[in-house]
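Geometric and topological summary
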Amino acid sequence: MAVLSARYGLIGGLAPIEYYDQRMDRERAGELRGPATDTLLRWSRDHGEVSLVLGKDYLSAFAMDHLRDKGVQAAVVGGAIGMKLNWLSLFLQGMHTELARPTAPEPTPERPLYFLPDWDDMLDVDYDFRRDEFSCSHKRGRNEQHIVQVMQPRRICDGVLVSLAQHVSSKGVLKKFAPDDPASLAPRSVRQVFGVSADQWVFGDCGAFSYVDKDEPVITTEQAVSLYHLHGFDFGASVDHIPVPEIVTPSGKKTLSAAKQRRRVKLTKSNAEDFIGLHKRKKCTFIPVGIIQGLSAKEYGRQLPEYLEMGYRHLAIGGLVPRSDKEIVEIVRAVKKAVPAGRPQPWIHLLGVFRPRIQGELRELGVTSFDSATYFRKAWLRSGQNYLGADGKWYAAIRVPMTADGRTRKKLEGSGLAIEEIAEMERLALEALHGYGEGRVALAEALEAVTVYDRLLNRSDEAESGLEAAYRRTLEERPWERCDCPVCREVGIDVVIFRGYNRNKRRGAHNTMMLYGLLRGAGGSRC
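Residues numbered from 1 in each chain as written. Predicted model: local features only at pLDDT ≥ 70, side-chain atom pairs only at ≥ 80, totals over all residues. Heavy atoms only, no water.

As a further point, take the packing of aromatic side chains. Tallied over the full model, the rule gives 19 aromatic pairs. Arranged with centres 5.2 Å apart and planes meeting at 80°, the rings of Tyr-127 and Phe-134 form a pair that is edge-to-face. Considering the side-chain rings of Tyr-228 and Phe-233, the 5.3 Å spacing of their centres and the 70° angle between planes classify their relative orientation as edge-to-face. There is no split in this pair, since Tyr-228 and Phe-233 are both buried. Among the aromatic side chains, those forming a connected cluster through ring pairs are Tyr-114, Phe-354, Phe-370, Tyr-375 and Trp-394. Positioned above the aromatic ring of Phe-134 is the side chain of Arg-142, whose terminal nitrogen or guanidinium carbon lies 3.8 Å from the ring centre. (Phe/Tyr/Trp six-rings, centres within 6.5 Å; stacked < 30°, edge-to-face > 60°. Buried < 20%, exposed > 50% of the residue type's maximum accessible area, 1.4 Å probe, protein only. Lys NZ or Arg CZ within 6 Å of the ring centre and 35° of its normal.)

It is worth spelling out the packing of helix H9 (residues 297-310) against helix H10 (residues 325-337) at this point. Following both chains from N to C, one finds H9 and H10 inclined at 25°, their axes separated by 8 Å at the closest point. Considered as vectors, H9 and H10 are oriented roughly parallel to each other. Read as a crossing pair, H9 and H10 show a hand that is right-handed. Residues Ala-297, Tyr-300, Gly-301 and Leu-304 of H9 form the contact with H10, whose participating residues are Glu-330, Ile-331, Ala-334 and Val-335. Among the residues making up the contact of H9 with H10, the classes are represented as 6 nonpolar, 1 polar and 1 charged. (Axes fitted to C-alpha atoms, helices over the stretch in contact; angles between N-to-C directions. Helix = DSSP H or I, 4+ residues; strand = E, 2+ residues; numbered from the N terminus. Parallel < 35°, antiparallel > 145°, perpendicular 65-115°, else oblique. Left-handed = near helix turned anticlockwise from the far one by under 90°. Contact = heavy atoms within 4.5 Å. Nonpolar A, V, L, I, M, F, W, Y, C, P; charged D, E, K, R; others polar.)

A large share of strand E5 (residues 113-117) lies buried, amounting to 5 of its 5 residues. In this sheet, strand E16 (residues 369-371) lies alongside E5 in parallel orientation, the contact comprising 3 bridges. Opposite Phe-115, over in E16, you have Asp-371 as the bridge partner. Two elements, E5 and strand E8 (residues 159-163), share 3 bridges in a ladder whose sense is parallel. Bridging from a neighbouring strand, Phe-115 pairs with Gly-159 of E8. (Pairing = 2+ DSSP bridges.)

So, in structure tokens, the structure goes:
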């Protein structure tokens, strides 16, 4: 679906634009004719036919003879404006046939469902780990898959959680597009992008922590409802605003008064009411999830009946990340106790938290689902806990940072060596590790090659000593050989090499699989 705009020219239907007031006339159409014709010609290469639903002035913005000479099958929808609108209405209604989704899961007392938060976690399936090269220099030419697909047929989650905050950035499935980008012509199905199976689901929320320093959410209720519906989400959460006591701004930390915190709680509830109302009016097919924010456990519980009266049967508790385990249990207990007698228990989702110590209590309280990226991000955020083995033990990943990376080069300053010499040490470290993985190189030789390069990175002697011991343990025990997941089978020792997102995110996917096995009671891993 494309739009011919008097201000912006020919743009994709999903292209974000500012409000404007400009009429199309023959003079403006003449100014747009060249770029509009070129854009349509480029887009038409991927489409069998093009239908132009335009009035006389708008139609003059295209060089029709030139398009026909180039073989573009452009049909002009004729008739009066009412006939054009009727044709357009039927065309738009026909799009809805592709939005069928699976039945939503029913709450189960056995275990909570786990949703993995996505942060554009796409991997180059054909990445060359020996040469450290992408399969194609251009991103669009690579065979990229989401980590959920990369790990198939092994399951690593019950679904993926996607934050709409990505829509206001340059990354992710909901990223902003240039007005003439072909991707702006049609919404991408999130289920197809993430490769989820029939019994997995895609859950959308607004990513409130990304705009916690703003006075207002950066996503509007209408945006949220439209995006969830257009992109085929299974669940869609209302627009919330976290009532944190303190925020970090470019000028420093800023305390939020109690009045401003209460305003955020009220705004969240008001948005939830508008959200479900708009969901009903638009006859959306995703399941609406109402987010509750509060300043105390009592306040969370006090709001629960109001959300049920709005029509919600699926609820999410927000603002839990900075809270203690004890506070989280108190909040969940207050919410569950507030369910009126005789009413069915609602679906309760915990946003952004997985707390191992209280999993038993949360299950007893009937928490239905949660999302957390903790195990995934441990792959690169912890010095000694990067890889969770099949034996339930954590192992350190072996750091071989890229000398081509600017941050690494900064750490290498003061080594007294030329960058060419350092790059050779880097190459030898990788070569030794691959040789060790294949049984051609002894452990001592591989460890020496790694530590010679590692010592150049300006770490303290104590830190260096601790890492060397951790590296030795990882290499001695070879935990990747005891795992049968797709990543460990396919990339071998590279899964424990701390280097670049194609290795690090694969390791994170492995860790997430281990967590999922634990939640299902099928794995021996420890939290």
